[in-house]
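Results of the structural survey
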Amino acid sequence: MRLFRCACHSGLSYWSNSARAPADVGGGASLPRTGGPVDASVLADLAAASRILADQGVVDAFGHVSMRHPHDPQRFLMSRSLAPALVTPDDIMEYDLNCDCVDAQGRGSFLERFIHGEIFRSRPDVMAVVHSHSPNVIPFGLVKTPMRAMFHNAAFVARGVPVFDIRDKFGATDMLVGNADKGVALAKVLDDKDIVLMRAHGSVATGPSLPVAVFRAVYTEMNARLQFQAAMLGGGGDIAALDADEGALADKVNLSSASRAWDLWKRRVGF
Ligand SMILES: [Zn+2]
């Protein structure tokens, strides 16, 4: 009998794949139903992604990564509220797109999970989402200078980088995307782009797979650093960044080669 680890349990529960998980596994009528059992390798990859982002300097004590449930597009997987470098497969929980947890078992959720739920809802093509406060990116949400693609690995930047200002719709806030309305507003500003900056807060990177979303989060941070350097070196003059056509061509290569970085980064964090 093949065994699968339940995405919403603490690591002790296994189900057969001969039948869909019981509909009432969520624990009650008011809780969302599970999208079904998830292979242990999926949970390990999501835990690895969290640790990679910490190892690469994209997240610190804060920030999070999620992925769409592999068998149910109306569900997504995400760690319980925990520093990213500490996440293990047993910390992964399952949510519906309203960001209600299927079976929290007393574990806490990230306040800003609505970033993830509302992007998954509005963008069927997005399979993974990274939210971070990576330091070199934040200034680009504060000034009028747009982020541009400094090199081929950051080709997705050439598609444009919108900036979400939470103040526009919600006035003075704690800056956090802590409910569905704010998540909807953020997803609307992201629109069809790959990344969005959040004024005085951080950024979000998306991708058609977990490795690509992680790749984009890492190279968004690196691109920001390089743009500072180019601006200083050039004395504020024009920067010969990738244009939209170059970006589209280079991004195709990145989509197929992101696995090389993923394999390396996974090894570095012991997965
Ligand atoms: Zn945040």
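Small disclaimer: the values here were computed from a predicted structure and weren't measured.

**Brief notes about the overall build of the protein chain**
- Looking only at helices and strands, the protein chain features six helices and nine strands.
- In the protein chain, which comprises 271 residues, the share counted as buried stands at 48%.
- In the protein chain, the proportion of contacts linking residues at least 24 apart, taken out of those at least 6 apart, comes to 69%.

**Examining helix α5 (residues 210–233)**
- In this model, α5 (24 residues) spans 35 Å end to end at C-alpha, consistent with the 34 Å of a helix rising 1.5 Å per residue.
- Among the residues trailing α5, Gly235 stands out with phi positive, at a value near 65 degrees.

**Digging into helix α1 (residues 40–55)**
- Across its 16 residues, α1 extends 22 Å between first and last C-alpha, which sits within 8% of the 22 Å expected from 1.5 Å per residue.
- In terms of residue burial, α1 counts as a mostly covered element, since 12 of its 16 residues are buried.
- Within the span of α1, buried status applies to Val42, Leu43, Asp45, Leu46, Ala47, Ala48, Ala49, Ser50, Arg51, Ile52, Leu53 and Ala54.
- Within two residues after α1, Gly57 carries a phi angle of roughly 80 degrees, on the positive side.

**A few points about the environment of Ser134**
- Structurally, the position occupied by Ser134 is in the loop between β6 (128–132) and β7 (163–164).
- Judged by the 24 C-beta atoms lying within 10 Å of it, Ser134 falls in the buried class.
- Spatially, the C-alpha atom of Ser134 lies 4.9 Å from that of Val58, the residues being 76 residues apart in sequence.

**Thoughts on the confidence of the model for the protein chain**
- Summary statistics for the protein chain give a mean pLDDT of 91 and a share of 89% for residues scoring 70 or more.
- Here residues 1–28 is a poorly scored stretch, pLDDT under 50, and it has 50 contacts once near neighbours within four places are set aside; other chains count.

**Observations regarding the nonpolar core**
- Leu46, Leu53, Val130, Ala213 and Val214 are the most contacted members of the largest nonpolar core, which has 73 residues in total.
- No other element matches the 10 residues that α5 contributes to this core.
- Residues contacting Val214, with those up to four places away along its chain left out, are Ala49, Ile52, Leu53, Val65, Val130 and Trp262.

**Concerning the pairing of β6**
- Of all five residues in β6, five are buried; the element is thus mostly enclosed.
- Where burial is concerned, the two faces of β6 agree: the one with Ala128, Val130 and Ser132 and the one with Val129 and His131 are both buried.
- Direction of pairing for strand β3 (residues 64–68) relative to β6: antiparallel, over a ladder of four bridges. Note that in β6 the partner of Met67 across the bridge is Ala128.
- Where β6 meets strand β9 (residues 202–207), five bridges bridge the pair, whose relative direction is antiparallel.

**Considering the environment of Gly183**
- Within the fold, Gly183 resides in helix α4 (residues 180–190).
- Taking the C-beta count within 10 Å as the criterion, Gly183 has 24 such neighbours and is therefore assigned buried.
- Here the alpha-carbon distance between Gly183 and His116, two residues 67 residues apart in the chain, equals 7.7 Å.
- When neighbours within four sequence positions are excluded, Gly183 is seen to be in contact with Phe114, Ile115, Gly117, Glu118 and Val177.

**Some thoughts on the sheet that holds β6**
- Across the sheet, seven strands lie side by side as β5-β4-β3-β6-β9-β8-β7; this open sheet has mixed pairing. A single partner strand is all that each edge strand has here, and the edge strands are β5 (92–96) and β7.
- Of the pairings in the sheet, the one linking strand β4 (residues 75–79) to β5 comprises five bridges and is antiparallel in character. Note on β5: the bridge partner recorded for Arg75 is Asp96.
- Contacts from helix α2 (residues 113–122) reach β3, β4, β5, β6 and β9, with the element oriented near 155 degrees to β4.

**A short note on unusual backbone geometry**
- With a phi angle near 80 degrees, Met175 is a residue other than glycine that sits in the positive phi range.
- Structurally, Met175 can be placed in the loop between α3 (166–170) and α4.
- Judged by local crowding, Met175 falls into the partly exposed class, with 15 C-beta atoms found within 10 Å.
- In this model, Ala200 sits at a positive phi of 55 degrees, which is unusual for a non-glycine residue.
- Its place among the elements puts Ala200 in the loop between β8 (195–198) and β9.

**Observations regarding the environment of Leu249**
- Relative to the helices and strands, Leu249 resides in helix α6 (residues 244–268).
- Between the alpha carbons of Leu249 and Ala155 there is a distance of 8.2 Å; along the sequence they are 94 residues apart.

Reading the values: rules and limits
Residues numbered from 1 in each chain as written. Predicted model: local features only at pLDDT ≥ 70, side-chain atom pairs only at ≥ 80, totals over all residues. Helix = DSSP H or I, 4+ residues; strand = E, 2+ residues; numbered from the N terminus. Buried ≥ 20, exposed ≤ 12 C-beta atoms within 10 Å, placed from the backbone. Contact = placed C-beta atoms within 7 Å. Expected span 1.5 Å × (residues − 1). pLDDT = per-residue confidence, 0-100. Core = buried A, V, L, I, M, F, W, Y, C linked by C-beta atoms within 7 Å. Pairing = 2+ DSSP bridges. Axes fitted to C-alpha atoms, helices over the stretch in contact; angles between N-to-C directions.

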